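Observations on the three-dimensional arrangement
So you can see what is in the structure, the chains are spelled out below.
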Amino acid sequence: MAPKAAVLHLVLVLVPLLSLLLPFSSLALTQDFCVANLLLPDTPSGYPCKPKLAVAANDFYTDVLSRPGPVFAPFNTSLASANVKQVPGMNGLGIGATRVDILPGGVVPLHTHPEASEFIYVLDGTMLAGFVSAETNAAYTKTLNKGDLYVFAQGLLHFQINLGNTTAVAINAYSSHNPGLQITDFALFANRLPADVVSKVTFITKEEVERLKALFGQRQVPS
């Protein structure tokens, strides 16, 4: 095959394949926006677009970050989320946010966001933030004060702990309109696996597993 013909053949093959990698919500790249139609099911690439005639200014607005969200026990921490379900106009834009208020003695427990990287910006107080490398299990921690920023890479386990005697407040920003959330404590102890199975795979005594299942099994999972 001649060089020019080979190049043309390669282009004809690759272009359709590459187009398959573009998410449905990447319509936001070819039009002004793609406001999520929350009446339809979510998909791996985002929500379908709401008809433009049905779009309103409030689709791009929320005041949820202006105040603390509900407190989640036993972590003594409140969360207020501004993601696609609260702000449909975020659909396909690759952005999202959460306000976290960590009361004295409170923590944001080990958790991961499967769909997004994150940075945390401290508005008030002092906290310890850290994450664990998936490759080496090395832990990276940093004490953060007002005005500090810290980054967590996508999918890595991370946490925050209030180090002060007052509420520590931060804004967390995400690289996805729907970053996902899995909290390690709930994954281990709010599941339906028998206690003896969890004990065997975690090397935690069955008695302690049963105690933790009783603690976390009845709790509301943050979203």
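Structure's up top.
Residues numbered from 1 in each chain as written. Predicted model: local features only at pLDDT ≥ 70, side-chain atom pairs only at ≥ 80, totals over all residues. Heavy atoms only, no water.

What to know about the sheet that holds strand β10 (residues 168-174)
Heads up, the condition is: A pair of strands is labelled paired if DSSP reports no fewer than 2 bridges between them. Strands here are runs of E lasting at least two residues and helices are runs of H or I lasting at least four, both read from the DSSP assignment and numbered beginning at the N terminus.
Reading across from one edge, β1-β2-β3-β10-β5-β8 is the order of the six strands in this open sheet, with antiparallel pairing throughout. Each end of this open sheet is capped by a strand with a single partner; those strands are β1 (71-72) and β8 (149-152). Inspection of the sheet shows strand β2 (residues 77-82) paired to strand β3 (residues 96-102) by six bridges, in the antiparallel sense. The residue bridging Ala 82 from the neighbouring strand is Ala 97, located in β3.

Quick word on the environment of Thr 202
The criterion, for reference: Relative accessibility thresholds used throughout: buried, under 20% of the residue-type maximum; exposed, over 50%; partly exposed, between the two (1.4 Å probe, protein chains only). Any two residues whose heavy atoms approach within 4.5 Å are treated as being in contact. Distance and chemistry together define a polar contact, namely a pair of N or O atoms within 3.5 Å, with one atom able to donate a hydrogen and the other to accept it when in protein, and with adjacent residues in sequence counting only for side-chain atoms on both sides.
Locating Thr 202 in the fold gives a position in helix α4 (residues 195-202). Accessibility expressed as a relative area gives 21% for Thr 202, which makes it partly exposed. As for Thr 202 and Leu 188, which are separated by 14 residues in sequence, their C-alpha atoms are 8.7 Å apart. Those residues in contact with Thr 202 that lie beyond four places of it in its chain are Leu 188 and Val 209. Engagement of the side chain of Thr 202 in a polar contact is seen with the backbone oxygen of Val 198, the distance being 2.6 Å.

Looking at the side chain of Ser 199
As for its position among the elements, Ser 199 is in helix α4. On the accessibility criterion, Ser 199 (15% relative accessible area) is buried. Among residues more than four places away in sequence, those in contact with Ser 199 are Ile 204, Thr 205, Lys 206 and Val 209.

The values are spatial; any link to function lies outside them.
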